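Listed here are the chains, written in short residue letters.
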Protein chains: 2
Amino acid sequence: MPSSDGTTHDLADRLHSAAIHLLRRLRREDDASGLPAPQLSALSVIVFAGPITLGALAHAEQVRPPTITRLVDRLEAAGLVNRVPDPVDRRIARVAATPKGVKLLHDGRRRRVASLAVSLRELPEKDRFALAKALPILEKVVRAN
Amino acid sequence: MPSSDGTTHDLADRLHSAAIHLLRRLRREDDASGLPAPQLSALSVIVFAGPITLGALAHAEQVRPPTITRLVDRLEAAGLVNRVPDPVDRRIARVAATPKGVKLLHDGRRRRVASLAVSLRELPEKDRFALAKALPILEKVVRAN
């Protein structure tokens, strides 16, 4: 039963694995974007949290400063992001997504969600219902610290 | 109702987001490993799919060959992986995890799962039950193509 500690640990382990494998599967849709995964991941943070400093971006992506500089250089060369001055302290550079960057990210997200929706439509309705019932709980867990 | 197409699309969208945010939250536990996220991700593939060729690893990580070479160099310098000859064609190099690499990955996984289990234990039992009921369905979706 899910109330015992052992089973809660097992539930956590399987949920963690399922999230990893779900995203690995959906990431295949990203090939169409033509961007390597680290650039796409950084672009995602820039779109949702930008304009962002290089330091904050490196922290979010858990990479070292030289790596984030290289990633941003490539995204900038592809016309997907721009370096913009901080409105308060002009010595601080921030990175913002261009309309092209926003579109590339949203197109990619649309492909992933469409692919997942196809799989969900193949489920028996009772399974889709069980997923829909569990989703708000999962969202609550994600928000928790 | 989750049977309509619009709602299935919404379910897919929210499930995709929840998986991303769950992993972003659990990834914070990885700071204790001292490894940047791209190295940890590559190490994970090497542990679970290795000995693996650099090409297959680059494909799995969706990065370019120079990036994977750099990542593997760093993992090798840290004593976490070794380059080993292919048993059939010795011109092909494969990458395998060392016992130290396996341990680092498993320790990290244990920290993530323990953190998630703490959150799950805080849920009302009926919520944990709903998650446990949805999990095999999610696992089925993940395995589907």
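Throughout this description, residue numbers start from 1 for each chain and increase along the sequence as written. Chain letters start at A and ligand numbers start at 1, both assigned in the order the entries are written. At least 70 in pLDDT is required for a residue's local features to be given in this predicted model, at least 80 for side-chain atom pairs to be given and counted, and no such filter applies to totals for whole chains, interfaces and linings, which use all residues.

The next subject is the relation of the copies chain A and chain B. The superposition of copies rests on a least-squares fit of C-alpha positions from residues with pLDDT of 70 or more in both. Rotating chain A by 180° about the axis while translating it 0.0 Å along that axis superimposes it on chain B, leaving an RMSD of 0.0 Å. Seen this way, the second copy is the image of the first under a two-fold rotation axis. In terms of proximity to the rotation axis, the leading residue of chain A is A19 of chain A, whose C-alpha is 2.5 Å off the axis. What counts as a contact is two residues whose backbone-derived C-beta atoms lie within 7 Å of each other. Most of the interface of chain A is mirrored in chain B, where 100% of its interface residues again form contacts.

Here the amide bond leading from G50 of chain A into P51 of chain A is cis, since omega sits at -5°, within 30 degrees of zero. The phi angle at Q62 of chain B is positive, at roughly 55°, despite the residue not being glycine. On the secondary structure map, Q62 of chain B appears in the loop between α3 (54-61) and α4 (65-77). According to the C-beta neighbour criterion, Q62 of chain B is buried, with 20 such atoms within 10 Å. Here a strand is any run of E in DSSP of at least two residues, a helix any run of H or I of at least four, and the numbering for each starts at the N terminus. Any residue whose C-beta has 12 or fewer other C-beta atoms within 10 Å is treated as exposed, any with 20 or more as buried, and any in between as partly exposed, C-beta atoms being built from the backbone.

In this section: the interface of chain A and chain B. At the junction of the two partners, chain A supplies 52 residues and chain B supplies 52 residues. Here the side of chain A that touches chain B takes 17 residues from helix α1 (residues 5-27) of chain A, the largest share from any one element.

Residues and elements named next belong to chain A. Each residue carries a pLDDT score, the predictor's confidence in it, ranging from 0 to 100. Taken as a whole, chain A shows an average pLDDT of 91; of its residues, 95% reach a score of 70 or greater. Mean pLDDT values over the elements of chain A span from 91, in α1, up to 96, in helix α5 (residues 99-121). The ipTM value of the predicted complex is 0.88, and its pTM value is 0.87.

Let's shift gears to the packing of helix α2 (residues 37-49) of chain B against α3 of chain B. Residue and element names in this part refer to chain B. For helices, the fitted axis covers only the stretch in contact; all axes are lines through C-alpha atoms, and the angles between them, taken along N-to-C directions, range from 0 to 180 degrees. Packing of α2 against α3 brings their axes to within 10 Å, and their N-to-C directions diverge by 125°. Classified by the angle between their axes, α2 and α3 sit oblique to one another. Once α2 is placed against α3, the crossing between them reads as right-handed. Residues S41, A42, V45, I46 and A49 of α2 pack against L57, A60 and E61 of α3. For classification purposes, an angle smaller than 35 degrees is called roughly parallel, one larger than 145 roughly antiparallel, one from 65 to 115 roughly perpendicular, and anything else oblique. Here a crossing is called left-handed whenever its near helix is offset anticlockwise from the far helix by less than a right angle, and right-handed whenever the offset is clockwise.

Across a sheet, paired strands are connected by hydrogen bonds in the backbone, their directions being either parallel or antiparallel. Residues and elements named next belong to chain B. Strands were regarded as paired on the criterion that DSSP finds at least two bridges between them. Read from one edge to the other, the open sheet built from 3 strands follows the order β1-β3-β2, with strand pairing classed as antiparallel. Where the open sheet ends on each side, the last strands, each with one partner, are β1 (52-53) and β2 (81-85). Contacting β1, β2 and β3 (93-97), α2 crosses the sheet at an angle of about 95° to β3.

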